[in-house]
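Residue-level listing of the chains:
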Amino acid sequence: MLNPLTAKAAARVGRTRRKGRTHLPPGPGAPGALQLLSFLYEPVAFLRSVRASHGEVVTIELPGMWPLVQMSKPEHVEAILKGGARELHAGEANQLLEPFLGSYSVLVLDDDAHLEQRRLLLPPFRGERMKAYGEAMRDATSSALERVATHTVTVTQSVTQQITLDVILQTVFGIDADADDELVRLLVGTLRALDDPSLLVRHFQRDLGPLSPWGRFLRRRARVRELLEQMIRRRRGQSNEGRVDVLAALLQATHSDGTPMSDEEIRDELMTMLVAGHETTATALSWALYRIALHEDVRSRLLAEIDEAFPDGVVDPDRILELEYLTAVAKETLRIHPIVPGIGRVLKEPRRVAGWELPAETVIGCSILLAHFDPAIWPEPRRFDPERFIGQRISPYRYFPFGGGIRRCIGEAFALYEMRVVLATLLTRRVPQLVAGQRYTTKRRNLTLSPSGGMPLTFGTRSARVAA
Ligand code: HEM
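Residues numbered from 1 in each chain as written. Predicted model: local features only at pLDDT ≥ 70, side-chain atom pairs only at ≥ 80, totals over all residues. Heavy atoms only, no water.

Regarding the packing of helix α13 (residues 263-294) against helix α17 (residues 412-429)
Let me state the cut-off plainly: Interaxial angles span 0 to 180 degrees and are taken between N-to-C directions of axes, which are lines fitted to C-alpha atoms, for helices over the stretch in contact. Runs of H or I in DSSP of at least four residues are treated as helices and runs of E of at least two as strands, each being numbered from the N terminus. For classification purposes, angles smaller than 35 degrees are called roughly parallel, those larger than 145 roughly antiparallel, those between 65 and 115 roughly perpendicular, and all remaining angles oblique. Left-handed describes a crossing in which the near helix is turned anticlockwise from the far one by less than a right angle; the clockwise case is right-handed. The contact definition used throughout considers only heavy atoms, calling two residues in contact when any of these lie within 4.5 Å. Each residue gets one of three labels, nonpolar for Ala, Val, Leu, Ile, Met, Phe, Trp, Tyr, Cys and Pro, charged for Asp, Glu, Lys and Arg, and polar for the others, Gly among them.
Relative orientation of the contacting elements α13 and α17 amounts to 45 degrees, with a least axis distance of 10 Å. By the angle class used here, α13 and α17 are oblique. Crossing of α13 over α17 shows right-handed handedness. Packed against α13, whose contacting residues are Thr281, Ala284, Leu285, Ala288, Leu289 and Ile292, the element α17 presents Ala415, Glu418, Met419, Val422, Leu423, Leu426 and Leu427 at the interface. Of the residues that constitute the contact of α13 with α17, the class distribution is 11 nonpolar, 1 polar and 1 charged.

Okay, here's the thing in structure tokens:
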């Protein structure tokens, strides 16, 4: 949702301005650089203050980026998410990710090319396929727990990241995260490059040699691409019979004209799933553990449900969907801590939105963060209350942590399933506890809203159960 201003768009916006008719709603007038810093480093406070001072529909103008018309009311979100794929481009709004994911990535494409990639990617992410991944999710959690000392302060995010990395490498790439090979190390390095929000700003993307941040990134990316293509070619030469990983499905998938996906297409989609699915799910897990540690009533009810479902302490992933309260805890976590703060769409023709006549090339942002905290929709929005999700059908325009419409997250079922399997497995052996005196706040970590300091928690043993 951060969008570099292209020459074409700049010309268009400029023309509109020169005619003296600013078609865009008003927004904050603070100096651009100051706004950019707040947007990158204090995103939650920034978005809330902009809405408090300028109302529901507001234009945010950051240097080097498109003006962003932001909204969050359900009727406006619905109009955007239901809009046609040709009239509203999400790929264009995600262009900033192109250097990290590659030009074939489903996230950066639009129109027919996007629909085609999406059709190829969806089958391995259907709900029923999740069961095949459940054991990998449970086992990755068990082995990560072996490395977590009890009653010592633990940076939770590094544990959850290890689990979700392990899971994605096994279930999507079909490789073992423990293999100390160059590919795994470089993939992790590429992900870490995204930790620095400044690298997402075009202005800083300058190759000033191998020691400069962008130069180092480009060299690492070239090697990662080479190794991924080698791996894909190797897998093409092997039988994929009986393999359930996503790569096996992509190797067998065919375009509408019957041709297989190219090595480059598969390479970019693997990177997309790694970037889109690893950190997001790890962060969601860290926030869930924080909430479980913070709210004693939630914790007791959750532990009781898990103990009743798995009395021997061994989680059966096939039964995880039966755990209603666990599901509600996962969903309420994603309401109160939306991992991705908002989604973007570029208008490809003039359109009336939220009472404004917006010109083509306007970027519209639907703020997940603001929608999830709207007191008109969520009474006492700052209260963590999983009950909100029990026996309720929630409108996809009021609650949309995975975006929506034709661009809705492909990994939604995967992420929710993984959250539940990991939390249940962890809670059969450990109980998360807050660290006394620790301040828990939110900061931007690449494209996600993450806990500051990596969420320091301690993990006690479950006294009444088998200690790990
Ligand atoms: C808690 C975890 C996750 C969250 C919060 C999340 C959130 C999102 C959001 C907000 C979008 C943009 C949707 C839009 O523009 O309307 C998205 C797109 C996407 N996500 Fe996720 N995601 C998560 C996990 C995953 C996982 C596990 C995968 C795959 C392994 C994945 C793959 C994708 C892909 C491929 C897209 C692009 C879809 C398209 O453009 O058609 N995500 N996700």
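A closer look at the coordination of the iron atom of the ligand
As a reminder of what qualifies: Only N, O and S atoms count as donors, using a 2.8 Å limit from the metal and a wider 3.2 Å limit for Na, K and Ca, and since water is excluded some coordination spheres may look unfilled.
Its sole protein donor being Cys409 (SG), the iron atom of the ligand sits 2.3 Å from that atom. Assignment of secondary structure puts Cys409 in the loop between α16 (368-372) and α17.

Side note on the site of the ligand
Note the following rule: A single heavy atom is enough: if one lies within 4 Å of a molecule or strand, its residue is considered near that molecule or strand. Polar contact is defined as a pair of N or O atoms within 3.5 Å, subject to the rule that within protein one atom must be able to donate a hydrogen and the other to accept it, and that residues adjacent in sequence are counted only when both atoms are side-chain atoms.
Taken together, 25 residues lie around the ligand, and His114, Arg118, Arg345, Gly404 and Cys409 are the ones closest in. Between the ligand and Arg345 there is a distance of 2.8 Å, counted from an oxygen atom to a side-chain nitrogen or oxygen. Between the ligand and the protein, one listed contact pairs an oxygen atom with a side-chain N or O atom of Arg407 at 3.0 Å. If you list the elements that add at least two residues to the shell around the ligand, you get α7 (111-121), α13, β5 (342-347) and α17. The dominant element in the shell around the ligand, judged by the number of residues it contributes, is α13, at 6 residues. Classifying every residue of the shell around the ligand by side-chain character gives 15 nonpolar, 7 polar and 3 charged.

Brief notes about the sheet that holds strand β9 (residues 430-434)
As a reminder of what qualifies: Two strands qualify as a pair provided that DSSP identifies no fewer than 2 bridges between them.
If you walk across this open sheet you meet the 3 strands as β4-β12-β9, and the pairing is antiparallel. Strands at the two margins of the open sheet, each flanked by one partner only, are β4 (154-155) and β9. Relative to strand β12 (residues 456-461), β4 runs antiparallel, the two sharing 2 bridges. From the neighbouring strand, Val155 faces β12, where its bridge partner is Pro456. On the sheet, α13 packs against β9 and β12 and is oriented at approximately 80 degrees with respect to β9.

Quick notes on the side chain of Asp245
Residue placement: Asp245 occurs in the loop between α11 (213-236) and α12 (246-252). At a separation of 2.9 Å, a polar atom in the side chain of Asp245 contacts the main-chain amide nitrogen of Ala248. Discounting residues that sit within four places of it in the chain, Asp245 has contacts with Arg129, Gln170, Thr171, Val172, Gly174 and Arg235.

A word on the pairing of strand β11 (residues 448-451)
Taken together, the 4 bridges between strand β10 (residues 442-445) and β11 define a ladder with antiparallel strand orientation. Note that in β11 the partner of Thr442 across the bridge is Pro451. Taken together, β10 and the strand that follows it, β11, pair antiparallel across an intervening segment of 2 residues, in which Asn446 is found at a positive phi of about 40 degrees.

Considering the packing of helix α8 (residues 130-146) against helix α9 (residues 156-173)
When two helices pack together, you describe them by how their axes are tilted relative to each other and by the distance separating the axes. The interhelical angle for the contact between α8 and α9, taken along N-to-C directions, is 145 degrees, at an axis separation of 9 Å. Once α8 is placed against α9, the crossing between them reads as right-handed. When α8 is examined against α9, the residues Tyr133, Ala136, Met137, Ala140, Thr141, Ser143 and Ala144 are found in contact with a partner set consisting of Val159, Ile163, Asp166, Val167, Gln170 and Thr171. Split by residue class, the contact of α8 with α9 holds 8 nonpolar, 4 polar and 1 charged.

Structural notes on the pairing of strand β8 (residues 363-367)
Selection rule: The rule is simple: take the accessible area with a 1.4 Å probe, protein chains only, and divide by the maximum for that residue type; under 20% is buried, over 50% is exposed, in between is partly exposed.
For β8, a buried count of 5 out of 5 residues is recorded, marking the element as mostly surrounded by other parts of the structure. Taking every second residue as pointing to the same face, both faces of β8 are buried, with Val363, Gly365 and Ser367 on one and Ile364 and Cys366 on the other. Where strand β2 (residues 68-71) meets β8, 4 bridges bridge the pair, whose relative direction is parallel. By the bridge assignment, Leu68 is partnered in β8 with Val363.

Some details on the environment of Arg445
Structurally, the position occupied by Arg445 is in strand β10. Using a relative accessible area of 17% as the deciding quantity, one classes Arg445 as buried. When the C-alpha positions of Arg445 and Glu279 are compared, they lie 9.2 Å apart, and in sequence the two are 166 residues distant. In this structure, Arg445 is in contact with Gln161, Arg192, Asp195, Glu279 and Ser450, ignoring residues within four places of it in sequence.

Remarks on the sheet that holds β2
Across the sheet, which stays open at both edges, the 5 strands sit in the order β1-β2-β8-β5-β3 with mixed pairing between neighbours. The open sheet terminates on both sides in strands that have one partner only, identified here as β1 (58-60) and β3 (88-89). Pairing analysis gives 3 bridges linking β1 to β2, with the strands arranged antiparallel. Residue pairing for β2: Thr59 is matched across the bridge by Val69.

Section: the nonpolar core
In plain terms, the rule: The term nonpolar core refers to a set of buried residues drawn from Ala, Val, Leu, Ile, Met, Phe, Trp, Tyr and Cys, joined through side-chain atoms within 4.5 Å.
Ranked by size, the top nonpolar core spans 119 residues in total, and within it Phe173 and Leu270 carry the most contacts. The leading source of residues in this core is α13, at 14 residues. Residues within four places of Phe173 in sequence aside, it is in contact with Ile168, Leu187, Leu228, Met231, Arg235, Leu247, Leu270 and Leu274.

Looking at the layout of surface pockets
The probe, sized like a water molecule, is rolled over the atoms to show the empty space still left. Heads up, the rule is: With a 1 Å grid spanning the protein atoms alone, the term cavity applies to any set of points in which a 1.4 Å probe fits but cannot get out, the term pocket to an open set with protein on both sides within 12 Å along at least five of seven lines, and the term lining residue to any residue with an atom within 4 Å of a point. Grid points are joined across faces, edges and corners, and a volume is the space filled by probe spheres set on the points.
As a volume, the largest pocket reaches approximately 320 Å³. Along the wall of the largest pocket there are 15 residues; nearest its centre are Arg291, Ile336, His337, Phe373 and Thr442. Elements represented by at least two residues in the lining of the largest pocket include exactly α3 (43-54) and α13. Ranked by residues supplied to the lining of the largest pocket, first place goes to α13 with 3 residues. Each residue belonging to the lining of the largest pocket can be placed in one class, and the counts come to 9 nonpolar, 3 polar and 3 charged. Each pocket or cavity is described by its volume, and for the second largest pocket that value is around 230 Å³. In this structure, the second largest pocket is lined by 13 residues; those nearest its centre are Lys331, Ile394, Tyr399, Arg408 and Glu412. Of the residues assigned to the lining of the second largest pocket, the class counts are 8 nonpolar, 2 polar and 3 charged.

None of this, on its own, says anything about what the molecule does.
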